[in-house]
Each structure stands twice: as structure tokens, then as C-alpha cells.
Amino acid sequence: MEEEPLLTGSINRSSGDYGSQDSDQHQHEDSSSSRRLSYLVTDDSEELDPDSDIYIQQAVVFIEDAIQYRSINHRVDAGSLQLYRWYYSRICQWGLGFTIAVVLALAVIERPSSLTYTSDIRFKPTPWEPPCGLTEGIEIVCLCIFILDVTVKSYLIGWEEFRLNKWLIGYVVVIAASGIDWMLSVSMVCNESLRVRRLIRPFFLLQNSSLMKKTLKCIKRTLPEIASVVLLLALHLCIFTMIGMLIFAKSDDPKKNGEWETYFKNLPKALSSLLVLLTTANNPDVMIPAYSLNRGYSIFFILFSVFGTYLLMNLMTAIIYNQFRGYLLMSVQTSIIRRRLGIRAAFEVLCCPGRGHTSTQSEGHVERVAVNMFLRVMSRVHMKSYCRQAIIKAAQQFPDGFINGEAFQRIFNELDKDFMKEHPPKPVYSSSVLQNIQYIYSRFYITVLGNVVALVNVICICTVLVLNSEKSTSERSDFYVEIINCVFILYYLIEMLLKIVAFGWRGYLSYRNNIFDGFLTLLLLALQIAILITYKIPFEEVDPVPHRVMALWEMVRLVNMLIVFRFLRIIPEIKLMAVVASTLVDLVKNLRAFAGILLVVYYVFAVLGIWLFQGAITPPPDMSLISNASTENNTGPYSMDCGTFEQLEYWPNNFDDFASSLVLLYNIMVVNNWHVFTDAYTRYTTEWSLVYFVAWWMTSSVMWVNLFVALILENFTYKWDRSNTMSVEDVERIAYQSTVQLMFREHVQEPTEEELIAQLHQHPHLHLSW
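Residues numbered from 1 in each chain as written. Predicted model: local features only at pLDDT ≥ 70, side-chain atom pairs only at ≥ 80, totals over all residues. Heavy atoms only, no water.

Chemist: I'm lost on the overall build of the protein in this one. Help?
Modeler: The number of helices and strands found in the protein is 30 helices and three strands. Counting every position in the protein, which comprises 770 residues, the buried fraction comes to 48%. For the protein, restricting intrachain contacts to residue pairs at least 6 apart in sequence, the fraction spanning at least 24 positions comes to 76%. (Helix = DSSP H or I, 4+ residues; strand = E, 2+ residues; numbered from the N terminus. Buried < 20%, exposed > 50% of the residue type's maximum accessible area, 1.4 Å probe, protein only. Contact = heavy atoms within 4.5 Å.)

Next up, the structure:
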């Protein structure tokens, strides 16, 4: 692939994010924003000119844009900057997010309502239906907020950029379509059979997140590579289907028609049977009728599974991982460029006349920013306090009081680091006894000893559980369990107190493991004291089930559960477990965009499922017949064959309301017994219903699960490679480099200064001249 400059027009004009560019027709509308670096200054004056505040406001906004990876191509006059900062304030963004959550949650209470205690169609009561106008009133308020949102966005980026921004145009179209559909609902007194706006509501969630839009763009670009494997899978499936229909053709001997009758009776049935076998959900059931006749028939099914399940499906995982990682890297590249561009823009606007700057006559433009002016800017920037302190501390290190462009960029590398809390110094004791305690309990082997003791405690609990597994509550004796628990809790208490002596209160609480241990130890101690006061343990004749608030067994069981939970303290002490645990924690932070798009897909398919299959599955009129497994139903769609929807009593899995639709879609995504649902809906509706379920399987199980695996692999590989040269104590210190941007930092090409300046020249409102 040919190398292209990092900063191209596509980064700004086709990014699809809010504020990506502005209109050329407004280039001269603000005199203050058009006087950028248009003078030469030869002294180091720090006298402020009358328009000084506008420069500071612009620098503040550009730095905030860099922190959030936002585009800087928006209006930069004083009024627009105030509106811009108000729009991106925490309260406005939280309010907009809450509005999106409310409009999405309306599907739960709208008709068909999900407000029932069960979704089982045999026992499901009549749900509460909101009166006409309740959800409609909430929705129109949300739509008004969305109209205000798109109006503000459009103003800030300008008309020309608005026309080029597909997401904002789509935003307007979705709002308009929702408004029209809302008016139809009100005019029909909420008796319409179809609400189209429910299907397009997830768009509000997508357009509000730039990370989701980038992820969606990455997925879109990955689809062509995935399509090649999907076509290969389809070819594999079709070839084996035709071969299977030839091998398992109908025989004159009815005893040999088991495979044909059950799985290969016609083309749709053969295709669906092998498709399910591709997911291993019906293995080995699908081959048992033929395998019982001749063991050679197993070769057909084994070859199908080996090539399809273990080769092609895993090949798809590899392709998705490789392609998606490449496109995600491109997205991260754009984010890094935006940060560098925002920081450079802040530097340039601070190099204005009368702002504490210097100039090089030969070059014709200013090169440095005064530290005191930079500190004024940083005092107004909304950012994490520890990042602000680190940046200010770095800026104060310049002895001449000025910062050049390269150093200005370097200072903001602190944005890439998370806060690593320093442990306070240990207390100093004059007593030799306390000094010895401090020396002993500051060592790592004390932690190892504590883990061994916790392991022994868990083993004791497991032994007691095994011995009492067959006994009822009244037959159990908790005497020995209580003695064991008292001994171990006493050790935990002593360990906690001695560690407090060794590290001091502040030092003890500066370690997360100590907070975890200390909290559970105090909780265990409180429960143990309550047991001793209430039941006078250790007296073996205590009634295990007295008439008190909480039985002795219940309290002992709670203590045992807390002790088992406390055993998790060993995770940070084992390097591999620490890496795995930190990977899981980081996935929660890095999967927000993935989870958001998955929510959108679930939402859309759930609404489609309600439209297509609501009320399709109904219980038989006589439940006594269907509950009798020996009864054969020769009429209607009901079937009591082993493994069918009715025999397994899957009645709660249906599309009769939004909540049950989500659960059903999750059950299909897991693919265990998903053929039971497809079989039921083909019997109760038509065989074309299989298209819906296959589309959902392809989207969720094949596409999304593989993307999830790809991100897990990338995250874990990154952490594992970095942890190979680290000790157990240092594993936590790689957590601050776990964001998506920093995972790919070593592969990202930094933009050059010439590229940044050239891009700043293209800003529609910030006119820089040298």
C-alpha cells in the first residue's frame, strides 16, 4: 500500500465526528479570530493586549479538544467558544446521555409491555400498558432535546461542513422520521400496529459517540475480508449438503430412513441441520441414526466439522483479528493526530503579540510561549487534577520561563499516563520490638504466608462442606466449623494489626490488597462476635435452627462465603493471574464502544423479532396433553419429541415483549440448543423464519464474538509482552497504558511539525499567518 501523509483532508472532512470542520463562508465573520499571528514582535513583553482573553479561551478549548481527541475545526470566536464549552460540559453531556437512555428504555414499557414477573406464555399475566400519551409525551421531550442538540452542533461546525457530515444529516433524518411517526401514533390514539421509530432509536446512541462511529467504520471496512470466508463457508455448507442428500437418500427399507427422515428430508432441512452442526450444537445427535447403521457414515460428519468448524471458523477469527486490528490502528492514528493538532493549535494561539512571546526575525514567526501565560491557560482547562499537576510541574522546570513548540508537545505526554499513587513513608519507631515487627511484616514472605493460611482455611471449609453435603440443616453440627473460623479470623485480625504497625495507617490503606483484606477481616470479626454473643459458641449443644432473626447455619454460611471470597487476595500476587485479572478490568474500560454497538444490534434485532414473531408461539389449549411426554400430537405445530421446544419447556423464550426478546437473542448467540428455537419457529411460522435466526447468528456469534476475542487477544498480548520483564509488583504499573490508543502507541506514526502547521492553515476560522 502506498504511504500517504498523516494529515490529509479525509481526517477532517470525512471523519464523521462533530466539529470536524467549519464553513468557508464564515472565515471573516469574527475579527478577533482572524488576527492570528499576523505580526512580528521583537521583544519579550508580557503586557496583555485588550483582546488577550480570546487567545486564552482558544488555547483552553484546543487543549480540551486534544484531551478528548476531538477535532479542532469549529468556530473560535468568543461566543462560540463559550457555547462549545457549555455543550461539552459534564452536565450537558450527562443530560444528553440520560436522554438517549430514556428514549431507548421506552421499548420496555411500550406495547407490548415487558412489565410482568415472568415471560412464560403459559402463566404470563396481562401486563400493565401505559395510557396513551405517557410514553409519547416522554418521547416528544426527548426529540426536542435531540433537535436542540443537532442545532447546536450544526451551528458550531458551519453549514458547509454540515452538508458533508453524513452522521449529522442522518441525525436530522432520524429525528424527522421519528417526529412523523410520533404524529401518526398520536393521531391514531396509540393503536398503530407498527412503530417505525423504535427501529431507528439506536441511531441516537451511535451518533453521540465518536468511538462507536470509529469502531463501526472499522467493522464496515473489515466486512469485505469477512465476506470471502463467509462465501467459502457457504460453499462448504452447500457441497456437503448435496453430498449428504445423496448419501442419505430415502431407502425402500423404513428402518434405514432415520437419518433421511430427521435431518435430510429436503434441502432446507439438510441445510439447517448442517448449519447447526457447524456450531456443534446438534453434535453428535445429527449423525447417530446413520452411525448406528454403519460406522463409516461418521467420516462424512467428521470431515464436515473438521473443515468447517475447526478450520474455516478459526480462519475467520484470524482474519477478523488481523483486519480489525489494522483498521483500529488507523482509527487510533487519527486520534493521535487530533491530539497533536489540538496541542499545536494551542501553542500557536498563545504565541500572539503581547502574550509573553519571542520572535525570530529570520523565520518571521514566534517560537516560544511564556510559562506564566501557559499556567493561566492550564488553570482554566477542565481535566484530571493529577494530570494538571504533572503538566504544571513540568512547565515550571524551564529556567528561562519560556516553552518552545517541541517542549510544549512533550509536556502533554502526561495525558497518556494514569495516576500512580505513591506509597507514604513508613513510620519511624524507636522501640526495637516495633522495629522488628516493621521489618518482618514489610517483607513479601509475610504476604505469601497469609495466602497459604487463606488457602488452608478454604480447604478446611471445603472438607466440612463435603462431609455435610448429604445432611440437612438440622443434622449439621457447626461446632467444629466455628472453632476453625475463630482461629483463622483471629490470625487475620493479628495480621491486619501488625501490618498497620509496619506501614502506618496511611501506608496500609495505600495498598488495594490491604483495603480488601482489612474490610473483609473487620466484617468477619463483626459476624463472629455476633455469633458468639447470640449463640454462646463454643457450646456444642447449641440448637442449629433456633427461632431467632438469623439461624446459626445461615450466619456460619455467610462467614464461610466471605472467607472464600477473601481468598481472591492471591490474584495480584501471582504474575500470570495478575495479568489476566488486569486484562479483564481493562476490557471493561476499552469495550464501551463494542458494547454500545452490540446493544444497538440487540435492540434492532429485538424490535424486528417482535414485528415478525410476536404471538407466533402459543401454548396448546389443553396443557395436560402437551405436558404428557408419551402423547403424540398429530395436529397443529406442537411436538413432544425429545429435544423439542415443547418437551424442553422453553416457553419463556419468545418475542412477545422487548425484554424476553433480548433474552432469547442472547440464548441464540450462545448457540447452545439454538436449533431448538429455529425448529420451533419454522414449525409455528414458516421456514423463511430461519433467515432471521441465521442473520442473528452471523452478526452476533460469528462477527461480534470474534471481534471480542480479537480485542481480548490484543489486550492480553500487549500486557503479557510488557510484563515478561517485570516483577509481580510492577504488573499493576502497566495498567495506565491499557487504553486503546496506548495499546497501539508503538505502531503509531507521529505527525511531523510541517504536517501539523499545514493542517492548521486549513482551519476555516483560525487564520494563522507568518
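Anyway, onward from the coordinates.
Chemist: Mind showing me how you'd approach the pattern of salt bridges here?
Modeler: For side chains of opposite charge, pairing can occur when their charged atoms come near one another. In this structure the tally under the stated criterion is 24 salt bridges. Among the ionic pairs, E495 bridges to K499, the shortest N-O distance being 4.0 Å. With E495 and K499 both in helix α20 (residues 479–509), this residue pair falls four residues apart, about one helical turn. Assessed through its relative accessible area of 7%, K499 is described here as buried. Taken together, the salt bridges that share partners define one network made up of E110, E136, E139, D181, E192, R195, R197, R198 and R201. (Salt bridge = Lys/Arg side-chain N within 4 Å of Asp/Glu carboxyl O.)

Chemist: Sorry if this is basic, but what is going on with helix α16 (residues 385–395) here?
Modeler: Every buried residue of α16 is accounted for by C387, I391 and A395. When α16 is viewed along its axis, its buried side chains cluster within an angular range of 70° and face the same direction. Away from its buried face, by an angle of more than 90 degrees, α16 presents the exposed residues Q389 and K393. For α16, the elements touching its buried residues are α15 (371–380), β3 (402–404) and α17 (405–411). (Arc of directions from axis to C-beta.)

Chemist: Before we go on, may I ask you to explain helix α26 (residues 658–670) in this structure?
Modeler: The α-helix advances 3.6 residues per turn, and as a result positions three or four apart in sequence lie on the same side. Helix length check: α26, at 13 residues, gives a terminal C-alpha distance of 19 Å against a target of 18 Å (1.5 Å per residue), a fit within 8%. By the burial criterion, the buried members of α26 are F658, S660, S661, L664, L665, I668 and M669. Where α26 begins, the side chain of D657 points an oxygen toward the backbone nitrogen of A659, at a separation of 3.2 Å. Of the residues trailing α26, V671 is marked for its positive phi of about 70°. (Expected span 1.5 Å × (residues − 1). Polar contact = N/O pair within 3.5 Å; in protein donor to acceptor, adjacent residues only side chain to side chain.)

Chemist: Would you take a moment to explain the packing of helix α5 (residues 134–157) against helix α7 (residues 166–187) for this structure?
Modeler: When two helices pack together, their arrangement is given by the angle between the helix axes and by the axis-to-axis distance. Packing of α5 against α7 leaves a shortest axis separation of 10 Å and a crossing angle of 155°. Relative to α7, the element α5 is oriented roughly antiparallel. For α5 against α7, the interelement crossing comes out left-handed. Each of E136, E139, I140, L143, F146, I147, D149, V150, K153 and I157 in α5 lies in contact with α7, whose residues at this interface are L168, Y171, V172, I175, S178, G179, W182 and V186. Considered class by class, the residues forming the contact of α5 with α7 number 12 nonpolar, two polar and four charged. (Axes fitted to C-alpha atoms, helices over the stretch in contact; angles between N-to-C directions. Parallel < 35°, antiparallel > 145°, perpendicular 65-115°, else oblique. Left-handed = near helix turned anticlockwise from the far one by under 90°. Nonpolar A, V, L, I, M, F, W, Y, C, P; charged D, E, K, R; others polar.)

Chemist: I'm lost on the nonpolar core in this one. Help?
Modeler: For soluble globular proteins, nonpolar side chains are generally found buried alongside one another. The biggest cluster of nonpolar side chains holds 100 residues, and the ones touching the most others in it are F146 and F204. Of all hydrophobic cores here, the second largest spans 39 residues; its members include F62, I67, A346 and F408. (Core = buried A, V, L, I, M, F, W, Y, C linked by side-chain atoms within 4.5 Å.)

Chemist: Could you clarify how one ought to interpret the state of the cysteines in this entry?
Modeler: Here is the idea: a disulfide is a covalent bond, and it sits between the sulfur atoms of two cysteines. On inspection of all chains with the given rule, the structure shows one disulfide. Here C132 engages in a disulfide with C190; their sulfurs sit 2.0 Å apart. Taking the sign of the S-S torsion, 70° for the link of C132 and C190, the bridge is right-handed. Highlighted residues: C132 in the loop between α4 (90–109) and α5 and C190 in the loop between α7 and α8 (196–200), separated in sequence by 58 residues. The exposure class assigned to C132 is partly exposed, which follows from its relative accessible area of 43%. For C190, a relative accessible area of 4% corresponds to the buried category. Cysteine C144 shares no disulfide, and the gap to the nearest cysteine sulfur, in C142, comes to 9.2 Å. Take C460: it sits in no disulfide, and the sulfur closest to it among the cysteines is that of C462, at 9.2 Å. What makes C460 partly exposed here is its relative accessible area of 24%. (Disulfide = S-S within 2.5 Å.)

Chemist: What should I look at first to understand the side chain of E192 in this one?
Modeler: Secondary-structure assignment places E192 in the loop between α7 and α8. When its relative accessible area of 14% is taken as the criterion, E192 is described as buried. Within the local environment of E192, its side chain forms a polar contact with the side chain of R195, the two groups lying 2.3 Å apart.

Chemist: What is the right way to look at the confidence of the model for the protein in this model?
Modeler: Interpretation of the predicted coordinates at a detailed level should be avoided for regions scoring low in pLDDT. Considering every residue of the protein, the mean pLDDT works out to 78; 76% of them sit at 70 or more. Predicted confidence for residues 1–48 stays below pLDDT 50, and this span has 139 contacts to residues more than four positions away or in other chains. Overall, residues 542–549 carries pLDDT values under 50, and its contacts beyond four positions in sequence, including any with other chains, amount to 16 contacts. (pLDDT = per-residue confidence, 0-100.)

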